[in-house]
Amino acid sequence: MNTIKVFIVRENDGSYSSYMDEQANLPYGLVGEGATVAEAMDEWNRAYNDMKKLFEVEGKEFVEAQFSFAYDVPSFLLYYAGKLTFAGLSKLTGISAAQLSQYANGYRNPSPKTTQKIQNALHAFGNELSQLQLV
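Residues numbered from 1 in each chain as written. Predicted model: local features only at pLDDT ≥ 70, side-chain atom pairs only at ≥ 80, totals over all residues. Heavy atoms only, no water.

Draft legend 1. Representation of the sheet that holds strand β4 (residues 65–71) in the model. Strand order in this open sheet of four strands is β3-β2-β1-β4, and the pairing throughout is mixed. In the strand order of this sheet, the two ends are held by β3 (31–34) and β4, each with one partner. Across the sheet, the mean angle separating the axes of adjacent strands is 20° when strand polarity is ignored. When strand β1 (residues 2–10) meets strand β2 (residues 16–20), the two strands line up antiparallel, connected through five bridges. For Ile-8, the partnering residue across the bridge sits in β2 and is Ser-18. Where helix α1 (residues 37–57) meets the sheet, it contacts β1, β2, β3 and β4, and its direction lies at approximately 145° from that of β3. (Pairing = 2+ DSSP bridges. Helix = DSSP H or I, 4+ residues; strand = E, 2+ residues; numbered from the N terminus. Axes fitted to C-alpha atoms, helices over the stretch in contact; angles between N-to-C directions. Contact = heavy atoms within 4.5 Å.)

Written as structure tokens, this is what we have:
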């Protein structure tokens, strides 16, 4: 089964969109939109199920796929803002809280190097947490 990357992006109006990687080799295309990331993902899943039913009705073979959701930096920062503060992320990444806020609000765009730095710091933190044992 193919694994297709789906991008979650915060639009200029504050809504969210989800769309497939252009490299996906599927006989259909899907999008999802919503006021929140959760709504965009729910819409994505509905679109997938609707497409599957349409193929069945039309007697076409449907190509099943798994989807891996990926965020752009502003969408990630805003989606997790209630769980991760900019101050906390600053301590993890070494990037100032003000700069992270600018990314989240669309005033600046992180470079690919900065994006990788954020991702590496989050993965390292996740690995650290996965090793913890609470007693």
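Draft legend 2. Focus on the pairing of β2. Taken across its five residues, β2 has four buried, putting it largely inside the fold. From the end of β1 to the start of β2, which pair antiparallel, there are five residues, and Gly-14 there has a positive phi angle of about 95°. When β2 meets β3, the two strands line up antiparallel, connected through four bridges. Across the sheet, Tyr-19 pairs through a bridge with Val-31, a residue of β3. (Buried < 20%, exposed > 50% of the residue type's maximum accessible area, 1.4 Å probe, protein only.)

Draft legend 3. Broad picture of the pattern of salt bridges. Applying the stated rule across the entire model yields three salt bridges. In this structure, the salt-bridge partner of Glu-64 is Lys-52, at a minimum N-O distance of 2.8 Å. Of this pair, Glu-64 sits in the loop between α1 and β4 while Lys-52 sits in helix α1; the two residues are 12 residues apart in sequence, bridging distant segments of the chain. Owing to a relative accessible area of 33%, Lys-52 belongs among the partly exposed residues under this scheme. For Glu-58, the salt bridge identified is with Lys-60, shortest N-O distance 3.1 Å. Of the residues examined, Glu-58 reaches a relative accessible area of 43% and is grouped as partly exposed. (Salt bridge = Lys/Arg side-chain N within 4 Å of Asp/Glu carboxyl O.)

Draft legend 4. Molecular detail of helix α3 (residues 86–93). Those residues of α3 that fall on the buried side of the exposure criterion are Leu-89, Ser-90 and Thr-93. Seen end-on, α3 carries its buried residues on one side only, within an arc spanning 105°. In this structure, the buried side of α3 is in contact with α2 (73–79), α4 (97–104) and α5 (112–131). Two residues or fewer past α3, Gly-94 is found with a positive phi of approximately 80°. (Arc of directions from axis to C-beta.)

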